Amino acid sequence: MLQMVSRSATTAESRAAGGAAVSIHNLCKRYNNFEAVVPTSVEIASGDFFAIIGPSGSGKSTLLGMIAGYIDPTAGRIVVDGRDIVPEPIYRRNIGMVFQNYALFPHLSVAQNVAYPLKIRGVAKHEIARRVRESLAMVRLEAFASRMPSELSGGQQQRVALARASIYQPSILLMDEPLGALDKNLRDEMQEEIKRFQQELGATVIYVTHDQQEAAFLADRIAIMRDGAMTQIGSPRSLYEQPKSRFVAEFLGEASIFPVKTASGKLTDQTCRITLEDGTETVIRTGEDGGPGRFACIRPERITIGPKARGLANAYTGVVRESLYTPGSIRYRVELKDAGCLLKVRALPQHNTEVFETGSSVDIGWSVDDMTILAE
Amino acid sequence: MKHRSFLLYLPVALLLTPFFLAPMAVIGTESFSGQHGVGAEYVKVVTDQGIRTVLYNTFYVAAMVTILSLLIGYPIAYVLARLKGRWATIGIFLIFLPFWASTVIRSFAWMILLGRKGPVNSILLGIGLIEDPIRFIDNGLGLMIAMTYIMVPFIVVPILNGLRAIDPNLPRAAAVLGANPWRQFLAVTLPLSMPNIAVGCTIVFVTSLGFFVTPSLLGGDLTVVSMLISEQANRLLDWPLASALAIIVLLLTIVIFALLRLSQLASRRRDKARSGVFA
């Protein structure tokens, strides 16, 4: 934050204005007969951290390429701060981008890499030197200014790429799996770095990843892509707790999902009974129709295991088929008696928590609010 | 460790000793065994005006051919690097197609094409671009055209390899950062292909120094050193002078490349010092 204070007034003002608002209208990309991105519309607010996740081939990188400008959309508009950027060539869009492999210029030093966008914009030499210093300070690489990219670690190269992508105050910052090449510990560290960086700049970030935990940690909103379409957009919490489809429920976190056979009807104003495919009956909160063709979904931490389960609205007995202690949680797979459905269960170990062995009989259950119905 | 890594040079040494160093040693010895005393041949090479002109012609033609090959070869390599799949294969095939005919035949072909009454002059006269036929053969112009034509594939291949090795994200990154296509080329593509340009130019330059058939056919009055060496060795049987000429050409080539290498190192050091401004 000290760096923020030391910045010149003009810089501080433009930072305070934050990133641009982006609205995408019916943007699509078709290759011959293959629709890489179906007509997609989405609004991204100024200063939003917007993550796009999905399996490879789901169209997320194509979408990013169209915003950056190196992939021509088949149709649609990308409006940044009220201006459609689709007709503009890539080099006039004033967009920042961090590439998966960083794409640092190998023949230029760290300082020259970071200075490059300013040099192109004809910024005065002393001004360039000052801003490069500030920018490198922001990513804590002042001491590495004269190094070559090949002399830096992956995480340091990543930070140079961040500095280079943001030094010219682009309207939006795009990131294409920027942490894909780093190992686990470094990734966690860099996630925090990126979050801090984005908040300091107030930048609008569009972030593509296939790592759902990364997206949940970083993003204000997440879009889940599948077969070229955004199947669901929402906050990390809403996506996890109210997934609309089996795909979203399984893509984001763990879940036990069962086809619904019949809806037996209302019990009270607020609850109804449904029957799962294997015959298990369970009571859920009404609101969504749990008819055939739909799926019942329950998250592993919502299931109670042990004696406490007896008092719940849905109480069963089951057999532990798998029991695994992992740091921070105990994972089970429990088969319900006389039914056969296998539930994934995650319990938080307290000092007196009983660990159930494989083969033992347990009480298991959940309340009416724990199971959600998926439309598809 | 040290004596083991030395073993890695062994295959190269085994190849170079019988096929390069030993013959050069024989030629070196031969060059000092003239009848006019030790070193007399070298004095003659350096002082004889005729020989000096031949040496100058040789290096001048080689340098011009290198520059022309680079100017023509780089755009060809650039286009080939952008072709994909089947088109890339066809492109490479076309580049190597001329090799199916020997240099002798291709040089004769150029002799006919560039002759006073050849097709090139006929066409230029026909469309009224010139009033008198251009003299290609006597003055080295035709020679440089033919040699450039022969050498272009040798510079295209290393540059093509260099361009293909450039991460496509780099020019893309330059574009996102605000560089138009021409600046992308200057900032990324050109500097990153520089080592391959150096390799291509070296191959063309060194090969051009040794051309014999093409200058014999198309050189006209212009004599290059390979023709002089051949004349001394085969017709005048002055082996010591021929050997001294060969050694001088070798030494001059080594000096030129040493200077190039030194200037490269110096500019790299300068770059590094300049980037320190921001530190």
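This one's a predicted model, so the numbers in the text were calculated from it and none came from an experiment.

### Describing the overall build of chain B
- When its secondary structure is counted, chain B shows 13 helices and zero strands.
- Walking chain B from its N terminus toward its C terminus, one meets helices and strands in the order α-α-α-α-α-α-α-α-α-α-α-α-α.
- The principal-axis extent of the C-alpha atoms belonging to chain B is close to 70 × 70 × 40 Å.
- Carbon and sulfur atoms provide 71% of the accessible area of chain B, an area that totals close to 16,400 Å².

### What about the packing of aromatic side chains?
- Per the counting criterion, the structure on display carries 17 aromatic pairs over all chains.
- With a centroid separation of 6.0 Å and 55° between ring planes, the pair formed by Tyr332(A) and Phe356(A) is classed as tilted. Of this pair, Tyr332(A) sits in strand 17 (residues 329-336) while Phe356(A) is found in the loop between strand 18 (342-347) and strand 19 (361-366), placing the two residues 24 residues apart along the sequence. Assigned by exposure class, Tyr332(A) and Phe356(A) land together as buried.
- Both rings, one in Phe6(B) and one in Tyr9(B), keep their centres 6.4 Å apart while their planes meet at 50°; by these two values the pair is tilted. Note on accessibility: Phe6(B) and Tyr9(B) belong to one class, exposed.
- Members of the aromatic cluster, joined through ring pairs, are Tyr74(B), Tyr78(B), Trp182(B) and Phe185(B).
- Between the NZ or CZ atom of Arg164(A) and the centre of the ring of Phe105(A), over which it lies, the distance is 4.7 Å.
- The ring of Trp87(B) has Arg86(B) sitting right over it, with the charged end atom 5.6 Å from the ring centre.

### Overview of the sheet that holds strand 2 (residues 34-44) of chain A
Residues and elements named next belong to chain A.
- Strands sit in the order 2-1-4-5 across an open sheet of four strands; the sheet is antiparallel. On the outer flanks of this sheet lie strand 2 and strand 5 (83-84), each paired with one strand and no other.
- As defined by bridge partners, strand 1 (residues 22-31) adjoins strand 4 (residues 75-80) across five bridges and the pair is classed as antiparallel. Each bridged residue has a counterpart across the sheet, and for Val-22 the counterpart in strand 4 is Val-80.
- On top of the sheet, helix 3 (residues 60-68) reaches strand 1, strand 2 and strand 4; it is set at about 115° to strand 1, its chief contact.

### Topic: unusual backbone geometry
Residue and element names in this part refer to chain A.
- Positive phi, normally seen in glycine, also occurs at Tyr-102, with a value near 75°.
- Among the secondary structure elements, Tyr-102 is positioned in the loop between strand 6 (96-98) and helix 4 (110-120).
- With phi around 45°, Glu-177 is a residue other than glycine that occupies positive phi space.
- If you trace the backbone, Glu-177 turns up in the loop between strand 7 (172-176) and helix 7 (184-201).

### Observations concerning the layout of surface pockets
All names here are of chain B.
- In this structure, the second largest pocket occupies an estimated 800 Å³ of space.
- For the second largest pocket, the lining is made up of 22 residues, of which Tyr-78, Arg-82, Pro-168, Pro-171 and Arg-172 are closest to its centre.
- When residues of the lining of the second largest pocket are traced back to their parent elements, those giving at least two are helix 4 (49-82), helix 8 (141-164), helix 9 (169-176) and helix 10 (181-209).
- It is helix 10 that contributes the most residues to the lining of the second largest pocket, four residues altogether.
- Tallied by class, the residues present in the lining of the second largest pocket amount to 11 nonpolar, three polar and eight charged.

### Quick word on the packing of helix 8 of chain B against helix 10 of chain B
Residue and element names in this part refer to chain B.
- Two numbers describe how helix 8 lies on helix 10: the axes approach to 8 Å, and their chain directions differ by 150°. Judged on the interaxial angle alone, helix 10 and helix 8 are roughly antiparallel. Seen along the crossing, helix 8 lies across helix 10 with a hand that is right-handed. Of the residues in helix 10, those in contact with Met-147, Met-151, Phe-154, Ile-155, Pro-158, Ile-159, Asn-161, Gly-162 and Leu-163 of helix 8 are Thr-189, Ser-193, Asn-196, Ile-197, Val-199, Gly-200, Cys-201, Ile-203, Val-204, Thr-207 and Ser-208.
- Here the contact of helix 8 with helix 10 is composed, by residue class, of 12 nonpolar, eight polar and no charged.

### Digging into helix 7 of chain A
- In a regular helix each residue adds 1.5 Å, so 18 residues correspond to 26 Å; helix 7 of chain A covers 26 Å between its end C-alpha atoms and thus fits that length.
- Immediately beyond the C-terminal end of helix 7 of chain A, within one or two residues, lies Gly202(A), with a positive phi of roughly 65°.

### Concerning the interface of chain B and chain A
- Between chain B and chain A, the contact holds 25 residues from the first and 32 residues from the second.
- A combined buried area of about 2,400 Å² lies between chain B and chain A, and 68% of that area is made up of carbon and sulfur atoms.
- Between the two partners, chain B and chain A, sit four residue pairs in polar contact (both at pLDDT 80 or more).

### A word on empty space enclosed by the protein
Residues and elements named next belong to chain A.
- Using the criterion set out here, one finds two cavities of 30 Å³ or more in the structure.
- Volume-wise, the second largest cavity comes out at about 30 Å³.
- As for the second largest cavity, its lining consists of Glu-177, Pro-178, Leu-179, Gly-180, Arg-187, Thr-209, His-210, Asp-211 and Glu-214.

### Comments concerning the confidence of the model for chain B
- Per-residue confidence for chain B gives a mean pLDDT of 87; residues scoring 70 or more make up 95%.
- Across the assembled chains, the prediction reports ipTM 0.78 with pTM 0.78.

### A look at the nonpolar core
- Membership of the largest hydrophobic core comes to 124 residues, with the highest contact counts inside it found for Phe105(A) and Leu174(A).
- With 12 residues, helix 8 of chain B is the single largest residue contributor to this core.
- Not counting residues within four places of it along the chain, the set of residues in contact with Phe105(A) comprises Asn113(A), Tyr116(A), Pro149(A), Arg164(A), Leu170(B), Ala173(B), Ala174(B), Leu177(B) and Val188(B).

### Thoughts on the environment of Ile137(B)
Residue and element names in this part refer to chain B.
- Note on placement: Ile-137 falls in the loop between helix 7 (119-126) and helix 8.
- On the accessibility criterion, Ile-137 (19% relative accessible area) is buried.
- Taking C-alpha positions, Ile-137 is 7.0 Å from Gly-115, a pair spaced 22 residues apart along the chain.
- In this structure, Ile-137 is in contact with Met-111, Leu-114, Leu-217, Leu-218, Gly-219 and Gly-220, ignoring residues within four places of it in sequence.

### Structural notes on the pairing of strand 9 (residues 221-226) of chain A
Residue and element names in this part refer to chain A.
- As paired strands, strand 3 (residues 49-53) and strand 9 are joined by four bridges and run parallel to one another. Paired with Ile-52 across the bridge in strand 9 is Ala-223.
- Linking strand 9 to strand 10 (residues 229-234), which pair antiparallel, is a turn of two residues; within it Asp-227 sits at a positive phi near 50°.

### Structural notes on the side chain of Asp370(A)
Residues and elements named next belong to chain A.
- Along the chain, the position of Asp-370 falls in the loop between strand 19 and strand 20 (371-374).
- The class for Asp-370 is buried, based on a relative accessible area of 13%.
- Only 2.8 Å separates the side chain of Asp-370 from the side chain of Arg-302, close enough to count as a polar contact.
- Polar contacts involving the side chain of Asp-370 include one to the main-chain amide nitrogen of Ser-367, which spans 2.9 Å.

Analysis parameters
Residues numbered from 1 in each chain as written. Chains lettered and ligands numbered in written order. Predicted model: local features only at pLDDT ≥ 70, side-chain atom pairs only at ≥ 80, totals over all residues. Heavy atoms only, no water. Helix = DSSP H or I, 4+ residues; strand = E, 2+ residues; numbered from the N terminus. Areas by Shrake-Rupley, 256 points an atom, 1.4 Å probe, with all protein chains shown as cover. Phe/Tyr/Trp six-rings, centres within 6.5 Å; stacked < 30°, edge-to-face > 60°. Buried < 20%, exposed > 50% of the residue type's maximum accessible area, 1.4 Å probe, protein only. Lys NZ or Arg CZ within 6 Å of the ring centre and 35° of its normal. Pairing = 2+ DSSP bridges. Contact = heavy atoms within 4.5 Å. Axes fitted to C-alpha atoms, helices over the stretch in contact; angles between N-to-C directions. 1 Å grid on protein atoms, 1.4 Å probe; cavity = no way out; pocket = protein on both sides within 12 Å on 5 of 7 lines; lining within 4 Å. Points joined across faces, edges and corners; volume = space filled by probe spheres on them. Nonpolar A, V, L, I, M, F, W, Y, C, P; charged D, E, K, R; others polar. Parallel < 35°, antiparallel > 145°, perpendicular 65-115°, else oblique. Left-handed = near helix turned anticlockwise from the far one by under 90°. Expected span 1.5 Å × (residues − 1). Buried area = accessible area lost by both parts, 1.4 Å probe. Polar contact = N/O pair within 3.5 Å; in protein donor to acceptor, adjacent residues only side chain to side chain. pLDDT = per-residue confidence, 0-100. Core = buried A, V, L, I, M, F, W, Y, C linked by side-chain atoms within 4.5 Å.

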